[in-house]
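Topology and contacts: notes
So the chains spell out like this:
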Amino acid sequence: MKVLIASSEIVPFAKTGGLADVTGALSKALRRIGVEADCVLPLYRSVDRGRFPMQPAGTPVRVPLGHREEAGAVEETDAGGGVRAFLVRNDRYFDREFLYGTRDGDYADNCERFTFFCRAVMEWLVRTGRKYDILHCNDWQTALIPAYTKTLYSREEAIRSAATVFTIHNLGYQGLFWNHDLPLTGLGWELFTPQGLEFYGKLNLMKAGLVFADILSTVSPTYSREIQTPEYGHGLEGVLYERREDLYGIINGIDDDEWNPSTDRLIAAPFSREDRSGKEACRADLLAEFGWRGPVAEPVIGMVGRLTAQKGLDLLSEIGEWLARQPVRVVLLGFGERAYEESMAILGAKYPDRISVRLAYDERIAHKIEAGADIFLMPSRYEPCGLNQIYSLKYGTVPIVRRTGGLADTVIDADEDPQRGTGFVFAGYDAGELSDAVSRAIAAYADRARWNGIVRRAMEMDFSWAPSAREYAALYEKALRKRGR
Ligand code: ADP
Ligand code: GLC
């Protein structure tokens, strides 16, 4: 079976968050179980062309955009693990400093940029005659591909028999644009209805995937249920409920080549389930990185993430003053919305002995935090899957999470289930419940024997990609059956 994974970010080429980790690792994991997976993404400025030499993949394409045409080229390179990566080039759209926008907001032409990307992929497939059994699209930036497959390109030989799978990584980002952008896509106004791409008078690109893909999935079983409710559906709960028979939840794996404490070259010392002694050196190194010297007896709480409302930054701000009075050290690495960056910086400046904040996107420090912290904090308002809590489990860093989405599916509360517990879980999006969970973790940390048990169980969990890759392969089969193949 041949699968093309389309995504706006894919490791090792471009990344702002977990979407890139997942699409990169899934392609490789599929290859390992014998599925011929390739991937396609835009050719951004940040792609390292020294490390990944590009060569043309067919002749340039002409992409209709409204009443005009835009030229594009597709280049290819080796993504490793047997995966071919195809990168869609148009420097006007993608040769920019960031992927989607600056700190102050999205690029104004994002609808045009990603419409171009989707249609360039279609034109390239048609022109080269490359046939994939499955077009696996991810999030709104690639959601027009399933719509094109069923409409403008449905008769093309290269497309006709392809089935489409659309994976939701985050329903909070839907690609909402004003309706005047519809003609850009080339789709007709007959699709601009509540059953189609309309969303309260606007154009909703995510809906193109939700309505037209043969099979839908999201990145954890709990999130697949949550998004059918008003609390988590971001207004799309009705559409998702309608398609519930075709909607599956598959938990993300993690890439063992990138995130493994026994081989990780970004951390101070390797360690493993069997021999955790290196973790102490990682802890000292982390404390030094954040400006603290000397022995620190209290637990170190780490946090890494995009600074957005999704990640529970409001709750963290609410308990900030309280947290600074607890016997803990807090290290935070984050990058994102200006208001949250400012409130975190203020907290760090006010309590330099307790809270240290680094406002940056820095993979090296992300690894140091996962390896060196004792506790990892992830109080998300919603979390489709979440990777950081899984990295934490693997690195023996006990997670405190809210019971939602993938967090609920990966962490077991150590007070509720002392035999199996791997972390601390709270239910309501509530500052009192969060501070209670932090207190429970601090108390457990003081009991070394108990803490060691929690860490050991966390590190014993298996989040390798193989089982999830097999689930995706089964979904692809289902999608093909829906197309009568
Ligand atoms: P999301 O995709 O919603 O951002 P995930 O937990 O799925 O959340 O994935 C986040 C990924 O991005 C992880 O690999 C994490 O290490 C990385 N990441 C997030 N923020 C930063 C940062 N400031 N510096 C380095 N890596 C980061
Ligand atoms: C999204 C989600 C995150 C998930 C990631 C990869 O960015 O916010 O929860 O882990 O996609 O699927």
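Residues numbered from 1 in each chain as written. Chains lettered and ligands numbered in written order. Predicted model: local features only at pLDDT ≥ 70, side-chain atom pairs only at ≥ 80, totals over all residues. Heavy atoms only, no water.

Moving on, we come to the pairing of strand 17 (residues 329-336). Looking along a regular strand, one sees side chains alternate from face to face of the sheet. With 7 of 8 residues buried, strand 17 is to be regarded as a mostly interior element. Pairing analysis gives 8 bridges linking strand 16 (residues 300-307) to strand 17, with the strands arranged parallel. Counted as the bridge partner of Arg306 is Phe335 from strand 17. Crossover handedness for the path strand 16 to helix 11 (residues 313-324) to strand 17: right-handed. With 5 bridges joining them, strand 17 and strand 18 (residues 355-359) adopt parallel strand pairing. Each residue of the ladder has a partner; that of Leu332, found in strand 18, is Val357. After leaving strand 17, the chain enters helix 12 (residues 338-350) and then returns to the sheet as strand 18, a path that is right-handed. (Buried < 20%, exposed > 50% of the residue type's maximum accessible area, 1.4 Å probe, protein only. Helix = DSSP H or I, 4+ residues; strand = E, 2+ residues; numbered from the N terminus. Pairing = 2+ DSSP bridges. Right-handed = clockwise from strand over helix to strand, strands pointing away.)

A word on the sheet that holds strand 13 (residues 202-204). Pairing in this open sheet of 3 strands is antiparallel, and the strands run 11-13-12 from one edge to the other. If you trace the sheet from one side to the other, it starts and ends with strand 11 (176-178) and strand 12 (198-199), each paired once. Of the strand pairs in this sheet, strand 12 and strand 13 are connected by 2 bridges, and their pairing is antiparallel. Within strand 13, the position partnered with Glu198 by the bridge is Leu203. Sitting on the sheet, helix 7 (residues 205-212) touches strand 11, strand 12 and strand 13, and the angle it makes with strand 13 is about 55°. (Contact = heavy atoms within 4.5 Å. Axes fitted to C-alpha atoms, helices over the stretch in contact; angles between N-to-C directions.)

Another aspect to go through is the site of ligand 1. The full set close to ligand 1 counts 22 residues, and Gly18, Arg306, Lys311, Ala360 and Leu387 are the nearest of them. Here Ala360 contributes a backbone N or O atom positioned 2.8 Å from a nitrogen atom of ligand 1. When isolated, ligand 1 has an accessible area of 560 Å², and the protein chains bury 94% of it. Elements with a minimum of two residues in the shell around ligand 1: helix 1 (18-32), strand 16, strand 17, helix 13 (363-372) and helix 14 (388-394). (Near = heavy atom within 4 Å. Polar contact = N/O pair within 3.5 Å; in protein donor to acceptor, adjacent residues only side chain to side chain. Areas by Shrake-Rupley, 256 points an atom, 1.4 Å probe, with all protein chains shown as cover.)

A few words now on the site of ligand 2. Looking at ligand 2, there are 14 residues lining it, with His169, Asn252, Gln310, Glu383 and Gly386 nearest. Take Gln310: an N or O atom from its side chain is 3.0 Å from an oxygen atom of ligand 2. Relative to its unbound accessible area of 310 Å², ligand 2 is 94% covered by the protein chains. Per-element tally for the shell around ligand 2: the top contributor is helix 1, with 3 residues. Split into classes, the residues belonging to the shell around ligand 2 amount to 6 nonpolar, 6 polar and 2 charged. Counting contributing residues per domain, the shell around ligand 2 is built from domain 1 (2-253 + 466-482) and domain 2 (278-463), each supplying no fewer than three. (Nonpolar A, V, L, I, M, F, W, Y, C, P; charged D, E, K, R; others polar. Domains from an automatic or database assignment.)

A separate point is the domain arrangement of the protein. Along its sequence, the protein is carved into domain 1 (2-253 + 466-482) and domain 2 (278-463). Placing the centre of domain 1 and that of domain 2 at their C-alpha centroids yields a distance of 32 Å. Counting residues at the interface gives 22 residues for domain 1 and 25 residues for domain 2. Taken together, the links from domain 1 to domain 2 amount to 0 salt bridges. Applying the counting rule to domain 1 against domain 2 returns 10 residue pairs in polar contact (both at pLDDT 80 or more). Counting residues per element, the side of domain 1 that touches domain 2 draws most heavily on helix 8 (residues 221-226), which supplies 4 residues. (Salt bridge = Lys/Arg side-chain N within 4 Å of Asp/Glu carboxyl O.)

Looking now at the packing of helix 10 (residues 278-289) against helix 13. At a closest axis distance of 8 Å, the pairing of helix 10 and helix 13 adopts a crossing angle of 130°. Comparing their axes, helix 13 and helix 10 come out oblique. Crossing handedness for the pair helix 10 and helix 13: left-handed. Listed contacts from helix 13 to Lys279, Cys282, Arg283, Asp285, Leu286 and Glu289 of helix 10 are Arg364, Ile365, Lys368, Ile369, Glu370, Ala371 and Gly372. The residue inventory of the contact of helix 10 with helix 13, partitioned by class, reads 5 nonpolar, 1 polar and 7 charged. (Parallel < 35°, antiparallel > 145°, perpendicular 65-115°, else oblique. Left-handed = near helix turned anticlockwise from the far one by under 90°.)

On to helix 17 (residues 448-460). For helix 17, spanning 13 residues, the distance from its first C-alpha to its last is 18 Å, which sits close to the expected 18 Å at 1.5 Å a residue. Turning to helix 17, the residues buried within the fold contact strand 19 (375-378), helix 14, strand 20 (398-402), strand 21 (424-426) and helix 16 (431-446). (Expected span 1.5 Å × (residues − 1).)

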